[in-house]
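Letter by letter, the chains look like this.
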Amino acid sequence: SWNATDDFSNLNFKELLTHRSGIKKNNNDGYGAQVYSNLQSEAQSLQNPVKTYQYCNKNFSMFRVLIPNLLNGVPWAPGATEEVAYAEVYKAYVQDEILEPAQIPNPTLTWTDSYAALYPFPYSNQSGIGKKDWTLNSAAGGWYLSAVELGSLMAYTWYTEDVISTEDLGLITHKLNLLGLSESTEGDHGLYLAKGGGLMSNPHIFIMHYPNDIQLVIVTTGTDYNTNQFMAVLRDAFDDAWE
């Protein structure tokens, strides 16, 4: 129904998950660019894509539409738009198949008054941000998780088969794939599997899985962090610990 170009229709999951689809980042690639209409526009306009690495959140957001299509149809609630129907199916899938098996019992895409607002650091009398409902913008981000919950997700993904099979995890983390692990870096002891990202510039979240099975989760506030620079700090800290 999207009337996608042939170039878009011929994309595969690996190209999306490794940011080699040719979909380009623009100045509004954060929260606003992830809406259904914008993803559809990308599908209708992609021509002669240059499939070299270029990080773009829209690659991940496409899975908000792709995953429901891989399931047994998208049940339309009375009066629901196509945009809402896909988003609700995707949300339920992630909750049921990923977050709850990782012992995160009440995952949500909606900010509530019980959550802290996101304040910049150093604090400069600015109001906190982040009070959003990410249901219609999710897949590149949007889940409200604490550092402990993010650590739980990593632990259950790596050390159990409750979230994913060992075989499939191996496909994701293999050095020739690195699906969704675009900030992975080589260190003195091998490949350090990593992902980092920011929510509207703050906070930034960093995860790293070291070759000796130690895992690290850091959640920061602030706007001065370059993700790749921070990953280098985490790599060097681990390497220095062996001296």
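Residues numbered from 1 in each chain as written. Predicted model: local features only at pLDDT ≥ 70, side-chain atom pairs only at ≥ 80, totals over all residues. Heavy atoms only, no water.

Undergrad: When you look at the pattern of salt bridges in this model, what are you seeing that I'm missing?
TA: Note on pairing: side chains with opposite charge can pair once their charged atoms come close. Following the criterion strictly, the structure yields five salt bridges and no others. In this structure, E15 engages K51 in a salt bridge whose closest nitrogen and oxygen atoms are separated by 3.0 Å. With E15 in helix α2 (residues 13-17) and K51 in the loop between α3 (36-45) and α4 (58-61), this residue pair connects regions lying 36 residues apart in the sequence. Judged by its relative accessible area of 16%, E15 is buried. Judged by relative accessible area, which is 35%, K51 ranks as partly exposed. (Salt bridge = Lys/Arg side-chain N within 4 Å of Asp/Glu carboxyl O. Helix = DSSP H or I, 4+ residues; strand = E, 2+ residues; numbered from the N terminus. Buried < 20%, exposed > 50% of the residue type's maximum accessible area, 1.4 Å probe, protein only.)

Undergrad: Hey, could you run me through the nonpolar core in this one?
TA: Nonpolar side chains tend to gather and get buried jointly when the protein is soluble and globular. The biggest cluster of nonpolar side chains holds 36 residues, and the ones touching the most others in it are W2, F8, I23 and M62. Elements with a minimum of two residues in this core: α3, α5 (63-70), α6 (82-99) and α7 (147-159). Beyond its immediate sequence surroundings of up to four residues, I23 is in contact with F8, L11, L16, E42, L46, Q54, C56, K58, N59 and M62. Grouped together as the second largest cluster of nonpolar side chains are nine residues, A194, M208, M231 and F238 included. (Core = buried A, V, L, I, M, F, W, Y, C linked by side-chain atoms within 4.5 Å. Contact = heavy atoms within 4.5 Å.)

Undergrad: Could you clarify how one ought to interpret the sheet that holds strand β1 (residues 185-187) in this entry?
TA: Within a sheet, each strand pairs with its neighbour through backbone hydrogen bonds, oriented either parallel or antiparallel. The sheet built from four strands is open, its strands ordered β1-β2-β3-β4 with antiparallel pairing. For this open sheet the edge positions go to β1 and β4 (215-220), each flanked by a neighbour on one side alone. On average, each strand axis in the sheet is inclined to that of its neighbour by 20°, with strand direction left out of account. Bridging between β1 and strand β2 (residues 190-198) involves three bridges; their strand directions are antiparallel. When the sheet's bridge partners are listed, G187 is paired in β2 with G190. Packed onto the sheet, α7 meets β2, β3 (204-209) and β4 and runs at close to 155° relative to β4. (Pairing = 2+ DSSP bridges. Axes fitted to C-alpha atoms, helices over the stretch in contact; angles between N-to-C directions.)

Undergrad: Mind showing me how you'd approach α7 here?
TA: Given 3.6 residues per helical turn, the α-helix brings residues three or four places apart onto the same face. The end-to-end C-alpha distance of α7, which contains 13 residues, comes to 18 Å, matching closely the 18 Å that a straight helix rising 1.5 Å per residue would cover. Three or more residues of α7 are buried, namely L150, S152, L153, M154, T157 and W158. Contacts made by the buried residues of α7 are with α6, α8 (166-173), β2, β3 and β4. (Expected span 1.5 Å × (residues − 1).)

Undergrad: Help me out: how do you make sense of the pairing of β3 in this one?
TA: Along any regular strand, the residues point their side chains to alternate faces of the sheet. Counting buried positions along β3 gives five out of six residues, so the element sits mostly inside the fold. As paired elements, β2 and β3 share six bridges and run antiparallel to each other. Opposite A194, over in β3, you have M208 as the bridge partner. One ladder, built from six bridges, connects β3 with β4; its direction is antiparallel. By the bridge assignment for β4, F206 is matched with I218. A loop of five residues connects β3 with β4, the two strands running antiparallel in sequence, and D213 in this loop sits at a positive phi of about 75°.

Undergrad: Would you take a moment to explain the packing of aromatic side chains for this structure?
TA: Think of a pair of aromatic rings as described by two things: how far the centres are apart, and how the planes are tilted against each other in angle. The full count for this structure, using the stated rule, is ten aromatic pairs. Each ring, one from Y36 and one from Y86, has its centre 5.9 Å from the other, and the planes form 20°; the classification is stacked. Of the two residues, Y36 sits in helix α3 while Y86 sits in helix α6, which places them 50 residues apart along the sequence. Cluster of aromatic residues (ring-pair linked, three or more members): W2, F8, Y36 and Y86. (Phe/Tyr/Trp six-rings, centres within 6.5 Å; stacked < 30°, edge-to-face > 60°.)

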